[in-house]
Amino acid sequence: MSLEITKSVEGTSLILTLNGRLDTITSQEFDKEFAASVLGVKEVTLDFAGLEYISSAGLRSLLKAKRSFGDGPIKIIHANEVIKNVFAISHFSDHIPIEG
Amino acid sequence: MIKALKTSLSVQVLTSVALVLVFLCYVIVYIGSREITKAVIDQYVEAAYHTARTARTYLNPDHIADYLTADGGNHPEERRQIQSEWQRLANRDSQGVLMIYLIQTEGEDYGRIRFGLTVVHPSLLEDYPEMVLYPGGTVAKSGDAQRKAYAEIYQGAKYAMVVQPQQWEEDHITVVIPVKTKEDRVAGLICVQRKMEKLRTVIYRHAYKVLGWAMLLLAVILYLVLWGLRRWLLNPIKAVTKEISRFAVKNSLSESKLGESIRMSNEIGQLARAIDTMEEQTVDYIINLTQVTRKQEQVQSELNVARNIQLSMLPTNFAIRSEIDIAAIMDAAKEVGGDFYNFYTIDENRVAFIIADVSGKGVPAALTMSKAQILLANFIYIAPDEPGALAEAVSYANFQLCRGNDSLMFVTVFAGVLNVRTGKFTYVNAGHNPPLISRGGVFEYLPIAQNGFLGIDDKAKFKEDSLSLLQGDGILFYTDGVTEAENCEHEFFGEVRLLDALNAHVVNAKNLSAQELIDYVKNQVAAFVRTAPQSDDLTMMYIRYL
């Protein structure tokens, strides 16, 4: 199981669609991809429709992403129940909100 | 092996050279024999032609008809005179004139000849007494080769020749020249037959000479080839083979490079230099590999020490109070992990329980874990026994963990304090998995106040909750290593399975000791995961209020 990231830019808003798992190993890919995509972007949407699982390392990766984005607006859409539960337990929505 | 190579290579090369030389010899002999045959024949023809021309000078072309009679016709004296001149000519020639004779051809195809004058060498008269001079007018049949020669003359050739027969066996040659009248009519033909050394003898002599020289040359060339082969091929190959064998055993550079002892620009030299390069690179690689291996071993041994340190940070004495039965396990996925559990007595009434999970795993998680463990243990230990104090202790720890946390390592924590006298359990859940509480043998997830995890937001506020434990109640703390234990089909053990397992009718938490319950859950998880590798640290702690 790995992670696939597809990128689309509309104006200054970036949409990263994640497919697979965001864990210790794949979070490094996400870190790189995010850093490479975020230049000149004012708003980031992470589409989690295809994301099955996120580990604590994945959450840390999201925190780093948010930090590197200068705490600019990042939101998550289409998160599944497992991920919503992880966010609920860890209160992660305090850092990055899940919409929808 | 070297000997075999040497033998076979030498044999192959020498055989090839010998074969080539033998072939060359054959070609030389063949071409030589043709040339020699031609030269020998030319030589004889020239001499015979010369004799024939001399013989012609004695003749009067107009009297040919008289010469062709036995008695000389109208000019008997002249014929006799010519006869004696010719005889002198034949005798004088020590080189082997056998016969000089004058003939006229008869018939369209020159099939017959009429003899005119004939003289033979005296030696022939002795050896062949029966070979009486053909008297003038004698008619004889002519052979094919002769007829061809006569035809050439009538077609205008200055001379023609008959080698009898064409090659090898026979030993004489006949040159035919015309005797022409003033009107340029061929009145007769003078034939001069000469003895010829046997061509085969000449050619054999030539061949033996060539072969003799060729043998000598062959010996010299073979010697040189053998010498060159050793000098430029076998010895270098031997050196290369020796060096490779040495290197295979010793894996070290030799004192002198192969490229220095084999100073050749050809393929062997290139091979030698390539082997030098290979050896250098291999040795470098071995050194590098040794270093890397050593470093890895060092890292491994350090990790082992770190593991011991980490394990020694976990409490080992479970019998801290008679009112509670405690059991716990921690299985790290790697040598060191980011999970920990802790319990200790704060004062005569209170006992603290902490379970935590640092984001990620391995060394970075372990470092953060030891920091978190000490901070939490200390702040909770010194927190006063009053409402909100536990939440405050957690927020102090959070503040400390946030400082300098550039790598954004965060910690989820469940911390609780149990008053063993009253059964009051005060707890703070900072982003951690909700524990399960067993009341009257039935497990349920503990209602938790929603707090974020530690280490990221230094201004985070934490809320605490509390409940009362009755005798026999228990609380199971765990980390996500339990609920996110994964089987080969990438399914998680999950919170539902955990709850169901605990509430299965075979389990009656009331009757199980803490250790038995932990073992049960552990086995359930193991049965679910089966052969899949452990992906995360797995930590559990169970307390039973007695």
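Residues numbered from 1 in each chain as written. Chains lettered and ligands numbered in written order. Predicted model: local features only at pLDDT ≥ 70, side-chain atom pairs only at ≥ 80, totals over all residues. Heavy atoms only, no water.

Interfaces are often sized by the accessible area lost when the parts come together. The partner chain A presents 19 residues to the 23 residues of chain B that form the contact. For the pair chain B and chain A, the summed buried area comes to about 1800 Å², and 61% of that belongs to carbon and sulfur atoms. Broken down residue by residue, the surface that chain B buries against chain A is led by L408(B), Q450(B) and F453(B), which jointly contribute 27%. Residues E486(B) and R21(A) are paired through a salt bridge, measuring 2.6 Å at the closest nitrogen-oxygen approach. Applying the counting rule to chain B against chain A returns five residue pairs in polar contact (both at pLDDT 80 or more). (Contact = heavy atoms within 4.5 Å. Buried area = accessible area lost by both parts, 1.4 Å probe. Salt bridge = Lys/Arg side-chain N within 4 Å of Asp/Glu carboxyl O. Polar contact = N/O pair within 3.5 Å; in protein donor to acceptor, adjacent residues only side chain to side chain.)

Here we take up the pairing of strand β1 (residues 3-10) of chain A. All names here are of chain A. With eight bridges joining them, β1 and strand β2 (residues 13-22) adopt antiparallel strand pairing. Residue pairing across strands places E10 opposite S13, the latter belonging to β2. Hairpin connection from β1 to β2: two residues lie between these consecutive antiparallel strands, with G11 at a positive phi of about 65°. (Pairing = 2+ DSSP bridges. Helix = DSSP H or I, 4+ residues; strand = E, 2+ residues; numbered from the N terminus.)

In this section: the environment of I28(B). Residue and element names in this part refer to chain B. With respect to the element layout, I28 can be found in helix α1 (residues 2-57). Judged by its relative accessible area of 44%, I28 falls in the partly exposed class. In sequence terms I28 and L271 are 243 residues apart; their C-alpha atoms lie 40 Å from each other. Residues contacting I28, with those up to four places away along its chain left out, are H206 and V210. (Buried < 20%, exposed > 50% of the residue type's maximum accessible area, 1.4 Å probe, protein only.)

F353(B), I380(B), V413(B), F425(B), L454(B) and F477(B) are the most contacted members of the largest nonpolar core, which has 57 residues in total. Excluding anything up to four places from it in sequence, L454(B) contacts L376(B), V394(B), A397(B), N398(B), L401(B), M409(B), F410(B), V411(B), V413(B), A430(B) and F462(B). (Core = buried A, V, L, I, M, F, W, Y, C linked by side-chain atoms within 4.5 Å.)

What follows covers the confidence of the model for chain A. When pLDDT is averaged along chain A, the result is 89; 99% of the residues meet or exceed 70. Of all the helices and strands in chain A, helix α3 (residues 81-90) of chain A carries the lowest mean pLDDT, 87, while strand β4 (residues 74-77) of chain A carries the highest, 93. (pLDDT = per-residue confidence, 0-100.)

Attention shifts here to the packing of aromatic side chains. Residue and element names in this part refer to chain B. A full pass over the atoms with the stated rule returns 23 aromatic pairs over all chains. Taking the centre distance of 6.4 Å and the plane angle of 5° together, the rings of Y341 and F343 count as stacked. Judged by its relative accessible area of 5%, Y341 is buried. Between the aromatic rings of F414 and F477, the centroid separation amounts to 5.3 Å while the plane-to-plane angle is 55°, which identifies the pairing as tilted. With F414 in strand β10 (residues 411-419) and F477 in strand β15 (residues 474-478), the pair connects residues that are 63 residues apart, well separated along the chain. Per residue, the accessibility class of F414 equals that of F477, and both read buried. Members of the aromatic cluster, joined through ring pairs, are F353, F414, F425, Y427 and F477. (Phe/Tyr/Trp six-rings, centres within 6.5 Å; stacked < 30°, edge-to-face > 60°.)

For the rest of this paragraph, the subject is the sheet that holds strand β5 (residues 98-99) of chain A. Residue and element names in this part refer to chain A. With mixed pairing, five strands are arranged side by side in an open sheet as β1-β2-β3-β4-β5. Among the strands making up the open sheet, the edge pair consists of β1 and β5. Sitting on the sheet, helix α1 (residues 26-37) touches β1, β2, β3 (43-54) and β4, and the angle it makes with β2 is about 170°. Each of β2, β3 and β4 touches helix α2 (residues 56-68); the most contacted strand, β3, lies at about 175° to it. (Axes fitted to C-alpha atoms, helices over the stretch in contact; angles between N-to-C directions.)

Under the domain assignment used here, chain B contains domain 1 (2-201), domain 2 (251-313) and domain 3 (314-545). For domain 1 of chain B versus domain 3 of chain B, the distance between C-alpha centres works out to 131 Å. (Domains from an automatic or database assignment.)

Let us look at unusual backbone geometry. All names here are of chain A. The phi angle at H78 is positive, at roughly 60°, despite the residue not being glycine. Relative to the elements of secondary structure, H78 occurs in the loop between β4 and α3. One non-glycine residue, H91, adopts positive backbone phi at about 60°. Positionally, H91 belongs in the loop between α3 and β5.

Look at any regular strand and the pattern is simple: side chains alternate between the two faces of the sheet. Residues and elements named next belong to chain B. Of all eight residues in strand β7 (residues 324-331), seven are buried; the element is thus mostly enclosed. Looking at chain direction, β7 and strand β16 (residues 538-545) are connected through eight bridges and run antiparallel. Residue pairing for β16: D325 is matched across the bridge by R544.

For the rest of this paragraph, the subject is the environment of T539(B). Residue and element names in this part refer to chain B. Looking at the element boundaries, T539 is found in strand β16. According to the relative accessible area criterion, T539 is buried, its value standing at 0%. Sequence-wise, T539 and I329 are 210 residues apart; in three dimensions their C-alpha atoms are separated by 5.6 Å. Ignoring sequence-local partners within four residues, the contact set of T539 consists of I329, M330, D339, F340, Y341, I355, F477, Y478, T479 and V482. Within polar-contact distance, the side chain of T539 engages the side chain of D339 at 2.9 Å.

Residues and elements named next belong to chain A. Following both chains from N to C, one finds α1 and α2 inclined at 15°, their axes separated by 9 Å at the closest point. Taken together, the axis directions place α1 and α2 in an arrangement best described as roughly parallel. In this structure, α1 meets α2 at a crossing whose hand is right-handed. Residues S27, F30, D31 and F34 of α1 form the contact with α2, whose participating residues are A57, G58, S61, L62, K64, A65 and S68. In terms of residue class, the contact of α1 with α2 is built from five nonpolar, four polar and two charged. (Parallel < 35°, antiparallel > 145°, perpendicular 65-115°, else oblique. Left-handed = near helix turned anticlockwise from the far one by under 90°. Nonpolar A, V, L, I, M, F, W, Y, C, P; charged D, E, K, R; others polar.)

So, on to the packing of helix α9 (residues 362-382) of chain B against helix α10 (residues 389-402) of chain B. Residues and elements named next belong to chain B. Put simply, α9 and α10 touch, their axes get as near as 9 Å, and they point 145° apart. The interaxial crossing formed by α9 with α10 has right-handed handedness. Contact with α9, carried on its side by K371, A372, L375, L376, F379 and I380, involves L390, A393, Y396, A397, Q400 and L401 of α10 and no other residues of that element. A breakdown of the residues in the contact of α9 with α10 according to their chemical character gives ten nonpolar, one polar and one charged.

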